[in-house]
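Read off the chains here:
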Amino acid sequence: MKKIVFVIMLVMTAMMGYGQTARQVLDKAAKVVSNRQGITASFTISSAGIGTTSGTISVKGKKFHATTPVATIWFDGKTQWTYMKNNNEVNVSNPSEAELQAINPYNFINLYKSGFTTSMTTAAQKYQIHLVATNKKRNLQEMYITINKSNYVPTQVKMKQRNGWTTINISNFKSTKLSDELFRFKTTDYPHADIIDLR
């Protein structure tokens, strides 16, 4: 009898992981990504429109700082500064949801809670969440988010916009303490750059 109870307990424990909803898994992933002190990661973005580029990203709440071979981006939660290395130019803007999603792979933590239907499949050591926009006029129509089962770290984000699919692969995820200053452009660091305000 004890063996039967033990086996039932094992089966129930194993099933608990599979009983989670897509929203519950996203909530846990969002909690990991929304570390109050900050996180850093490496990424590779592939898109028919822009080709493929790699870089690093630091995120703290809605703020992020990304560096690629061609550009450095600062976003303090409202204003975005994009420094283009080839022409020593800084564009200042207030980006849209779609623009933020294309740059910040972790922006989904601010999107999934409303305006999307969700479904989930599981395989090996990952969850794959499928989000579909309820508003067909929305620029960001569909997303697939792959999340590691053991630590709830997102490892891939695929999104469908009007100009096609973009895939963002994420690696080297680390929780770390980040200063708010990291997310603001400093003119003293680029004294000869042309600043163009697009707001």
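The shown structure was predicted, so the numbers you read here are calculated from the model rather than taken from an experiment.

Structural notes on the overall build of the protein
Alright, step 1. A tally of regular secondary structure across the protein gives three helices and 12 strands.
Alright, step 2. Summarising the internal contacts of the protein: among those between residues at least 6 apart in sequence, 48% fall at separations of at least 24.
Alright, step 3. When the accessible area of the protein is evaluated, it comes to approximately 11,300 Å², of which 55% is carbon and sulfur surface.

Focus on the sheet that holds strand E2 (residues 51-60)
Alright, step 1. Here we have 12 strands laid out as an open sheet, ordered E7-E8-E9-E10-E11-E1-E2-E3-E4-E5-E6-E12, and mixed in their pairing. The sheet terminates laterally at strand E7 (116-123) and strand E12 (194-197), the two strands that pair on one side only. The sheet shows a mean angle of 20° between the axes of neighbouring strands, direction not considered.
Alright, step 2. Relative to strand E11 (residues 164-175), strand E1 (residues 39-47) is paired through eight bridges, and the arrangement is antiparallel. Bridge pairing in E11 links Ile39 to Ser175.

A word on the pattern of salt bridges
Alright, step 1. Per the counting criterion, the structure on display carries three salt bridges.
Alright, step 2. Where Asp180 meets Lys60, a salt bridge forms, and the shortest distance between an N and an O atom there is 3.0 Å. Of the two residues, Asp180 sits in the loop between E11 and E12 while Lys60 sits in strand E2, which places them 120 residues apart along the sequence.
Alright, step 3. For Asp180, a relative accessible area of 30% puts it in the partly exposed group.
Alright, step 4. Its relative accessible area of 18% is what places Lys60 among the buried residues.

What counts, and where the lines are drawn
Residues numbered from 1 in each chain as written. Predicted model: local features only at pLDDT ≥ 70, side-chain atom pairs only at ≥ 80, totals over all residues. Heavy atoms only, no water. Helix = DSSP H or I, 4+ residues; strand = E, 2+ residues; numbered from the N terminus. Contact = heavy atoms within 4.5 Å. Areas by Shrake-Rupley, 256 points an atom, 1.4 Å probe, with all protein chains shown as cover. Pairing = 2+ DSSP bridges. Axes fitted to C-alpha atoms, helices over the stretch in contact; angles between N-to-C directions. Salt bridge = Lys/Arg side-chain N within 4 Å of Asp/Glu carboxyl O. Buried < 20%, exposed > 50% of the residue type's maximum accessible area, 1.4 Å probe, protein only.

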